[in-house]
Amino acid sequence: MPGTTAPSIGRGRDGRVRLRFDGWIAGIGTSSGTRVVLGRWVRSPFGPFSDVMIERKDGHRVLLAPSAQTARFVADTYVFDEVRVVPVRVKAGRGECTVTAPPLDLRFVTGCRGFTGVLLRAVPGPLAARPFWAVLVAPAARALLGVRTHGSAGAGRYEWYGAKDLRPVTEARAVYEGEDLGSMAPVEPPVRFGFGSTPRRPCLVSVTTTVAVEDGRQGAPVR
């Protein structure tokens, strides 16, 4: 995946500015009922950054973001009960990832890709990143993984998710506010941050996310 920090901004036929985010998303459930969604974006209009979305068993939704700018953009796009600006540090390599984002500490391990991952890898990257492809594969994604690949978001925005790879998460442990969240479990019930979710089975998905905004100056620097 590219590591450039250059803004990735275009404009759709409808005249709305389209912001592109390249990276990956990991969705993990825990036996305590808390679900965690980590986004690591190696290329975005904000440069590289990571953010964490957490939904507790009682439904309380928390965003952990590394800057006021990224927090504002993500919170405008999705729905949270609480937003915290904290350092979000991610160290990934050789199938293992550790995340430090006070008050969260997370470690997880990924396994070999299965049939779905092989299928996603077979699609040329530039094609998989196009919004029309996300619309085309939406029925299959809903049937096979239980996820939506495009839909309306907050602040009049619209999103497309273009998956490029999928690997299962085989092991995970998390501590939140000093509480051990227990063993890894399915992401169930589905998280309620926006129109989309993550697959029920914990996994890491390489993805290009495109967000169409009404005004290119809403949270992201347009150049």
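Reading the values: the criteria
- The residue numbers shown here count from 1 along each chain, following its written sequence.
- For a predicted model such as this one, the threshold for reporting local features is a pLDDT of at least 70, and the threshold for listing and counting side-chain atom pairs is 80 or more; totals across whole chains, interfaces and linings nevertheless cover every residue.
- With hydrogens and water set aside, each side-chain value is computed from the structure's full complement of heavy atoms.
- Helix and strand definitions follow DSSP, with helices as H or I runs of at least four residues and strands as E runs of at least two, each counted in order from the N terminus.
- Each radius of gyration is computed over the set of C-alpha atoms, and the globule rule expresses the reference value as 2.2 Å times the number of residues to the power 0.38.
- The cut-offs for exposure are 20% and 50% of the maximum accessible area for each residue type, with area from a 1.4 Å probe on protein chains only; residues under the lower value are buried, those over the upper are exposed, and the others partly exposed.
- A contact between two residues is defined here by any heavy atoms of the two lying within 4.5 Å.
- His residues and chain termini do not enter the charge count, which takes Lys and Arg as positive and Asp and Glu as negative.
- Lysine's charge is taken at NZ, arginine's at CZ, aspartate's at CG and glutamate's at CD.
- Confidence of the predictor in every single residue is expressed as pLDDT, which spans 0 to 100.
- The salt bridge criterion pairs a side-chain nitrogen of Lys or Arg with a carboxyl oxygen of Asp or Glu, the two atoms within 4 Å.
- We call two N or O atoms a polar contact when they sit within 3.5 Å, provided that within protein one can donate a hydrogen and the other can accept it, with sequence-adjacent residues counted only if both atoms are side-chain atoms.
- Strands were regarded as paired on the criterion that DSSP finds at least two bridges between them.
- Crossover handedness is defined by viewing with both strands directed away from the observer: a clockwise path from the first strand over the helix to the second marks the crossover as right-handed.
- Think of it this way: a Phe, Tyr or Trp ring, Trp meaning its six-membered ring, pairs with another when their centres are within 6.5 Å, and the plane angle makes it stacked under 30 degrees, edge-to-face over 60, tilted otherwise.

Visitor: Can you help me understand the overall build of the protein in this one?
Guide: Counting secondary structure elements, the protein contains 5 helices and 14 strands. At 16 Å, the protein has a C-alpha radius of gyration in line with the 17 Å of a compact globule built from 223 residues. When its C-alpha atoms are laid out on the principal axes, the protein stretches across 45 × 40 × 30 Å. Buried positions account for 49% of the 223 residues belonging to the protein. For the protein, restricting intrachain contacts to residue pairs at least 6 apart in sequence, the fraction spanning at least 24 positions comes to 61%. Of the side-chain charges in the protein, 31 are positive and 19 negative, and the distance between the mean point of each set is 8 Å.

Visitor: I keep staring at the confidence of the model for the protein and nothing clicks. Help me out?
Guide: Per-chain confidence: the protein averages 91 in pLDDT, with 92% of residues scoring 70 or above. Confidence drops under pLDDT 50 across residues 1-7; counting only partners more than four residues distant or on other chains, this segment forms 18 contacts.

Visitor: Would you mind going over the pattern of salt bridges with me for this structure?
Guide: When their charged atoms lie close together, side chains carrying opposite charge are able to pair. Under the definition given, this model contains 14 salt bridges. Of the charged contacts in the structure, one is a salt bridge between Glu214 and Arg16, with a shortest N-O distance of 3.4 Å. Placement of Glu214 in the segment after strand E14 (203-213) and of Arg16 in the loop between strand E1 (9-11) and strand E2 (17-30) is noted, with a sequence separation of 198 residues between them. A salt bridge links Arg113 to Asp165; the shortest N-O distance between them is 2.8 Å. Remark: Asp165 occurs in strand E11 (residues 158-176) and Arg113 occurs in the loop between strand E9 (104-110) and helix H2 (115-122); sequence separation between them is 52 residues.

Visitor: What is the right way to read the side chain of Thr34 from this model?
Guide: Mapped onto the elements of the fold, Thr34 is located in the loop between E2 and strand E3 (35-43). Thr34 sits in the buried class, given a relative accessible area of 1%. Look past the residues within four positions of Thr34 in its chain and what remains in contact with it is Ile28, Gly29, Ile54, Glu55, Arg56, Lys57 and Leu181.

Visitor: How should I be thinking about the side chain of Asp165 in this particular structure?
Guide: What makes Asp165 buried here is its relative accessible area of 8%. One polar contact links Asp165 to Arg113, side chain to side chain, over a distance of 2.8 Å. Non-local contacts of Asp165, meaning those with residues more than four positions away in its chain, are made with Arg113, Gly117, Leu120, Arg121, Leu204, Val205 and Ser206.

Visitor: Even after reading the chapter, I still don't get the pairing of strand E6 (residues 82-85), so can you show me in this structure?
Guide: The two faces of the sheet receive side chains in turn, since in a regular strand these alternate between them. In this sheet, E6 lies alongside strand E5 (residues 61-65) in parallel orientation, the contact comprising 4 bridges. Counterpart to Val62 in the pairing with E6 is Glu82. Tracing the backbone out of E5, into helix H1 (residues 68-77) and back to the parallel element E6 gives a crossover that is right-handed.

Visitor: Could you clarify how one ought to interpret the environment of Ser67 in this entry?
Guide: Structurally, the position occupied by Ser67 is in the loop between E5 and H1. For the pair formed by Ser67 and Ile28, sequence separation is 39 residues and the distance between their alpha carbons is 24 Å. In this structure the side chain of Ser67 is engaged in a polar contact, spanning 2.9 Å, whose partner is the side chain of Thr70.

Visitor: What exactly am I supposed to notice about the packing of aromatic side chains here?
Guide: Two measures describe an aromatic ring pair: the distance that separates the ring centres and the angle between the ring planes. Scanning the entire structure with this criterion turns up 8 aromatic pairs. Pairing Phe46 with Phe49 gives two aromatic rings, centres 6.0 Å apart and planes at 85°, and the pair type is edge-to-face. On the accessibility criterion, Phe46 (16% relative accessible area) is buried. The buried category is assigned to Phe49, whose relative accessible area is 9%. One aromatic cluster is present, formed by Phe21, Trp41, Phe46, Phe49 and Phe73 through successive ring pairs.

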